[in-house]
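Fold and geometry: a report
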Number of protein chains: 2
Amino acid sequence: MSNIGYAGHMELHEPELREVPVTNVLAALADDVRLQIVRALAGGGEYACGTFEFGVSKATRSHHLKVLREAGLTRTRVAGTSRYVRLRREELERLYPGLLDAVLAAPARA
Amino acid sequence: MSNIGYAGHMELHEPELREVPVTNVLAALADDVRLQIVRALAGGGEYACGTFEFGVSKATRSHHLKVLREAGLTRTRVAGTSRYVRLRREELERLYPGLLDAVLAAPARA
DNA sequence: ACCTATGTTCGACATCCGTCGAACTACCTC
DNA sequence: GAGGTAGTTCGACGGATGTCGAACATAGGT
């Protein structure tokens, strides 16, 4: 009866990019795990969350994907029990031209 | 006799940009106060620390300038009791082409 | 010498952030 | 419907971070 307290079938929060402060976008990119995810997505494909095995638990992975989504960097499509994530490249390029390329061009290991 | 415990005349720590992880650079930019400082420096001039009155105490301002310096974003010249800060634009452009411009082009207020 | 102006450093504090295991929801397949 | 699979959410934890006032160091001026 009560679906209060669970958001499983609610729409995912995917803000308009222009409504996200730049500092949030930068903060989202300023983490090693998240940057690895972004790199993996940079090719353009769509990947299930489970794809990103970067040495963290699935709880942590879920957390990072949420941060990326709420920073306006990714979009998520729900399909069955899986969620497919992709980069919002064009929007990002329109609002912050050159930003993503500049970040991705940086060497992976400092 | 003892100059232990104070670093007033020591050289400021200004790392090679290539030795700073990208995530550190991004994290340094992912703060409102620091981004305001970077914007103020973007014109190319050299400014004394006290120039940056952005509603924080001078202790906090000093902290942020240290973060920027240690992220490789700024260089500091000591002159008398003042310290003059400037952006390391060319180096930044060489290592992360387009990054700074992309960030600066973003609207100041979210 | 004193006083002032400019910054830095030192605790201290509150908050945020990354991380995890455990419990949970939702869906798919037998 | 029982079980398995994919993810999310919930506390909890430790460590990092932003903030401040106070104390300090240094240089310059009177």
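The structure this text deals with has already been given above.
These notes cover the structure that comes with them. (Residues numbered from 1 in each chain as written. Chains lettered and ligands numbered in written order. Predicted model: local features only at pLDDT ≥ 70, side-chain atom pairs only at ≥ 80, totals over all residues. Heavy atoms only, no water.)

**A closer look at the side chain of H64 of chain A**
All names here are of chain A. Among the secondary structure elements, H64 is positioned in helix α3 (residues 58-70). Given a relative accessible area of 7%, H64 falls into the buried group. If sequence neighbours within four positions are ignored, H64 has contacts with D31, V33, R34 and I37. (Helix = DSSP H or I, 4+ residues; strand = E, 2+ residues; numbered from the N terminus. Buried < 20%, exposed > 50% of the residue type's maximum accessible area, 1.4 Å probe, protein only. Contact = heavy atoms within 4.5 Å.)

**Digging into the sheet that holds strand β3 (residues 82-87) of chain A**
Residues and elements named next belong to chain A. Reading across from one edge, β1-β3-β2 is the order of the three strands in this open sheet, with antiparallel pairing throughout. Taken across any chain shown, the strands that pair with only one partner, and hence form the sheet edges, are β1 (47-48) and β2 (74-79). As paired elements, β2 and β3 share six bridges and run antiparallel to each other. Bridge pairing in β3 places A79 opposite S82. Sitting on the sheet, helix α2 (residues 32-41) touches β1, β2 and β3, and the angle it makes with β3 is about 80°. (Pairing = 2+ DSSP bridges. Axes fitted to C-alpha atoms, helices over the stretch in contact; angles between N-to-C directions.)

**Describing the relation of the copies chain B and chain A**
Expressed as a screw operation, the relation of chain B to chain A combines 0.0 Å of axial shift with a rotation of 180°, fitting to an RMSD of 0.0 Å. Taken together, these values place the two copies in the relation of a two-fold axis. Most of the interface of chain B is mirrored in chain A, where 100% of its interface residues again form contacts. (Least-squares fit on C-alpha atoms with pLDDT ≥ 70 in both.)

**Quick notes on the nonpolar core**
Ranked by internal contacts, the top residues of the largest apolar core, which has 57 residues, are L29, L73 and L99 of chain A together with L29, L73 and L99 of chain B. The contact partners of L99 of chain A, leaving out residues within four places of it in the chain, are V25 and L26 of chain A together with L99, A102 and V103 of chain B. (Core = buried A, V, L, I, M, F, W, Y, C linked by side-chain atoms within 4.5 Å.)

**Quick notes on the packing of aromatic side chains**
Residue and element names in this part refer to chain A. Under the definition given, this model contains four aromatic pairs over all chains. Relative to F54, the ring of F52 has its centre 6.4 Å away and its plane inclined at 25°; by these criteria the two rings are stacked. Among the aromatic side chains, those forming a connected cluster through ring pairs are Y47, F52 and F54. (Phe/Tyr/Trp six-rings, centres within 6.5 Å; stacked < 30°, edge-to-face > 60°.)

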